[in-house]
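# Structural description and commentary
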Amino acid sequence: MQVDEALIRNVVERVVTQLGNNGAAAPVGGGLQGRFGLFTCVNEAVAAANEAFDRLSRGTIDDRRRIIDHIRRISIDQCVELGTMEMEETKIGRLEHKIEKLKTLGLRSPGVEFLRSEVFSGDHGLAVIEHAPFGVIGAITPVTHSLPTITGNAVSMIAGGNTLVINPHPSGRRVAAEGVRRFNEAIYRDLGIDNLICVITEPTLETAEAIFQHRDVALLCVTGGPAVARAAMQQRKRAVVAGPGNPPVVVDETADLDRAARAIIQGAAYDNNLLCIAEKQVFVVERVFDAMMSAMERASAVRLNAGEVDALTRAAIDTVGEGDHRHQVPHRDFLGKDAAVLAAAAGKQVAPEVEMLFGETDESNPFVPVEQMMPFLPFVRARDVDHAIDMAHRSEHGFRHTAIIHSHDVVNMTKMGKRMDTTLFVKNGPSMAGLGLGGEGYLSFSIATPTGEGVTTPLTFTRERRCSMIDSLRILGK
Ligand code: NAD
């Protein structure tokens, strides 16, 4: 299926016709109904989201639940169509996972059930702490999961009582606009509120900056790599920053190697390694290194020899920037591509269904420090577990995002957990188990790392408000 550029144009044209304004800016604060969240102008988008916030604020928690149910239903029922659009537009990842991600976000994103209040009850009465919305949230979303991030953000932010204006990644803007249009249209038809989720249909760095600076945007939530994370942290308003990761894996001599191999492939191969939590480099203690390489082959990963690893490294890793800013990055022709495409660059033919390549490298191979987002894993020999943890720590760059260990030694697990100091630390499972997918806990595709909120929920997007009753209403005691 082709992504339908005409579809987006049609919607915009229909909207313009409805407004009868021949494309001129709609009046701010009025006439923004019927746009279904599609805007080219940041000021208009924020005005529309603000108007929607007023409407939402007058509604009930049950209204929020109904709104979210529409987002969930569309993400689940239309996951094949929308996932295919995302794949066709972004051209990275794997189709079955694009589809599955939308369904999973629709099913599992934390909604109003996460809201709660706290109470202090004592001799001087009662204090109730409630969680109030911020208002309009400015959201920046990545190309690796364009509509899935929007789906998860919209569910959690609206559950918290907020509305949002999104600047999507330009390479995922069409599917972002189409998803947002569908969400808003369904919500509008049921509850008569439009523009709860607004998207900039032609996003640029300038529109991102305009959202950052807008006085009516109360909070930012940024999901992306180092540049946007830095930009968000420099803003004067509060930002929830879901920044980059480079998750290392340590395998020690006590691990169940076959289980470890299956888990590593499951996490690292998912959507061709696009997940920020996905296993990116593996450090294995010398005593079991060769056995672990065999376990990877038994689990259907294909091993590259030293010459093939060199050829792949030359093709797939670029050097960019000048002087102090010179650094290595994944080559865009290989980022998120299938293992077969990477293998061809390494001079090897593999079947299209092969999910994962791997090979032995040393610590200095760029696949180790670079957040490569490709289905090739470098395996590095470590003298012992301390050496493995040291290298894992260096390779993570202090992002404090995600780390994984395969071990049955609690001392080793504890040592690594303390040293890595990451937001997610997964033991004996695939990385996604840390998001409740095969493990306990809950899911979000915005994991706030440098700013510390962790796996975001509706409460992340709320302000505490305290209401105190002095000397009354406590029905216990004197
Ligand atoms: P990216 O940083 O290239 O882009 C992310 C978003 O930021 C896009 O919308 C882009 O247009 C925008 N952007 C980039 N530079 C900007 C700037 N200076 N000012 C304003 N906006 C800017 O990242 P990507 O390739 O789209 O996504 C992959 C990255 O995102 C990886 O580093 C991954 O680890 C990270 N990520 C993190 C999480 C998390 O929860 N922590 C989730 C998903 C992805």
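For clarity, every value in this text was computed on a predicted model and none was experimentally measured. (Residues numbered from 1 in each chain as written. Predicted model: local features only at pLDDT ≥ 70, side-chain atom pairs only at ≥ 80, totals over all residues. Heavy atoms only, no water.)

## A closer look at the site of the ligand
Near the ligand lie 26 residues; those nearest to it are T141, V143, G243, E371 and I447. Between an oxygen atom of the ligand and a main-chain N or O atom of V143, the distance comes to 2.8 Å. Contact distances for the ligand include 2.8 Å between an oxygen atom and a backbone N or O atom of G225. For the ligand, the accessible surface in isolation is 840 Å², of which the surrounding protein chains cover 85%. Split into classes, the residues belonging to the shell around the ligand amount to 13 nonpolar, 12 polar and 1 charged. (Near = heavy atom within 4 Å. Polar contact = N/O pair within 3.5 Å; in protein donor to acceptor, adjacent residues only side chain to side chain. Areas by Shrake-Rupley, 256 points an atom, 1.4 Å probe, with all protein chains shown as cover. Nonpolar A, V, L, I, M, F, W, Y, C, P; charged D, E, K, R; others polar.)

## Notes on unusual backbone geometry
In this model, N195 sits at a positive phi of 65°, which is unusual for a non-glycine residue. Looking at the element boundaries, N195 is found in the loop between α7 (173–191) and β6 (197–200). At R400, a residue that is not glycine, the phi angle is positive and equals roughly 55°. Within the secondary structure, R400 sits in the loop between α14 (385–396) and β16 (402–406). Taking relative accessible area as the criterion, R400 reaches 41% and is therefore assigned partly exposed. (Helix = DSSP H or I, 4+ residues; strand = E, 2+ residues; numbered from the N terminus. Buried < 20%, exposed > 50% of the residue type's maximum accessible area, 1.4 Å probe, protein only.)

## Quick word on the side chain of T104
Position of T104 relative to the elements: it lies in helix α5 (residues 95–108). For T104, the side chain forms a polar contact with the main-chain oxygen of E100, separated by 2.7 Å. When neighbours within four sequence positions are excluded, T104 is seen to be in contact with S109, L437 and L443. (Contact = heavy atoms within 4.5 Å.)

## Some thoughts on the packing of α14 against helix α15 (residues 410–420)
It is the contact of α14 with α15, at a shortest axis distance of 10 Å, that shows an interaxial angle of 25°. On the basis of their axis angle, the class for α14 and α15 is roughly parallel. Where α14 crosses over α15, the handedness of that crossing is right-handed. Each of V385, D386, I389, D390, A392, H393 and E396 in α14 lies in contact with α15, whose residues at this interface are N412, K415, M416, R419 and M420. A breakdown of the residues in the contact of α14 with α15 according to their chemical character gives 5 nonpolar, 2 polar and 5 charged. (Axes fitted to C-alpha atoms, helices over the stretch in contact; angles between N-to-C directions. Parallel < 35°, antiparallel > 145°, perpendicular 65-115°, else oblique. Left-handed = near helix turned anticlockwise from the far one by under 90°.)

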